[in-house]
Amino acid sequence: MNGEPRDEVDRLVAAWRTERPDLDVEPLQVLSRVSRLAKHLDRARRAAFAEHDLEPWEFDVLTALRRAGKPYELSPGALIRATLVTSGTMTNRIDRLAQASLVRRRPDPEDRRGVLVSLTESGLARVDAAFADLLRREHALLAALAPNDQRTLSALLRTLLAPFDS
């Protein structure tokens, strides 16, 4: 490993190579690190959201609306597609966010039966602050990698993830 830092994955791979030399444990080199990193990322995200009095699911809905651009509104169906939850779950989430004055509903002028969900000023301020805090934490998680290495890692992970997203 020539001076490279060692981590817990190195130790578990070495143990498996000793215990099960008949198996190729090489996938652990990447996927165990991705899994462990995901846990650290989840902790950083939850901390960023908690600082702004948000749950992860609230952040997901609010950021979907924020990414939509002005007037920061989407139909419940578009929110379902953006957050990958069921319609019943989304209805509950919209209700709870509306009770917290982070979103509001209004009739869809294009569809008499439809509704549009939009960010309130409070929701916009909260999601913008939480997103900025999240990005500060994510930059810190990636600080050990040079910008070019971050781009390389991003491209490699995209290659792995793309088949799942199609």
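Taking an unreviewed UniProt entry as the reference, the chain is identified by name as MarR family winged helix-turn-helix transcriptional regulator belonging to Nonomuraea guangzhouensis.

Peer 1: What exactly am I supposed to notice about the UniProt feature "domain: HTH marR-type" (unreviewed entry) in the chain here?
Peer 2: Listed under "domain: HTH marR-type" (unreviewed entry) in the UniProt record, and renumbered for this structure, are residues 27-162. For residues 27-162, helix accounts for 70% and strand for 12%, while the C-alpha atoms at its two ends are 18 Å apart.

Peer 1: Hey, could you run me through the packing of aromatic side chains in this one?
Peer 2: Geometry of an aromatic ring pair is reported as the spacing of the ring centres plus the angle between the planes. Under the counting rule described, the total for this entry stands at 1 aromatic pair. Summarising the aromatic geometry, the rings of Phe49 and Phe59 are spaced 4.2 Å apart at their centres and angled 25° between planes, so their arrangement reads as stacked. Of this pair, Phe49 sits in helix α2 (residues 26-51) while Phe59 is found in helix α3 (residues 56-67), placing the two residues 10 residues apart along the sequence. Considered together, Phe49 and Phe59 belong to a single accessibility category, that of buried residues.

Peer 1: Help me understand the pairing of strand β3 (residues 111-119), please; the structure alone is not making it clear to me.
Peer 2: Consecutive side chains of a regular strand alternate in pointing toward one face of the sheet and then the other. In this sheet, β3 lies alongside strand β1 (residues 73-74) in antiparallel orientation, the contact comprising 2 bridges. Pairing of Glu73 across the sheet is with Ser118, part of β3. Relative to β3, strand β2 (residues 103-108) runs antiparallel, the two sharing 6 bridges. Directly across from Arg104, in β3, lies its bridge partner Ser118. Where β2 folds back onto β3 in an antiparallel hairpin, the turn is made up of 2 residues.

Procedures and definitions
Residues numbered from 1 in each chain as written. Predicted model: local features only at pLDDT ≥ 70, side-chain atom pairs only at ≥ 80, totals over all residues. Heavy atoms only, no water. UniProt positions renumbered as here; feature names shortened; annotations may be inferred. Helix = DSSP H or I, 4+ residues; strand = E, 2+ residues; numbered from the N terminus. Phe/Tyr/Trp six-rings, centres within 6.5 Å; stacked < 30°, edge-to-face > 60°. Buried < 20%, exposed > 50% of the residue type's maximum accessible area, 1.4 Å probe, protein only. Pairing = 2+ DSSP bridges.

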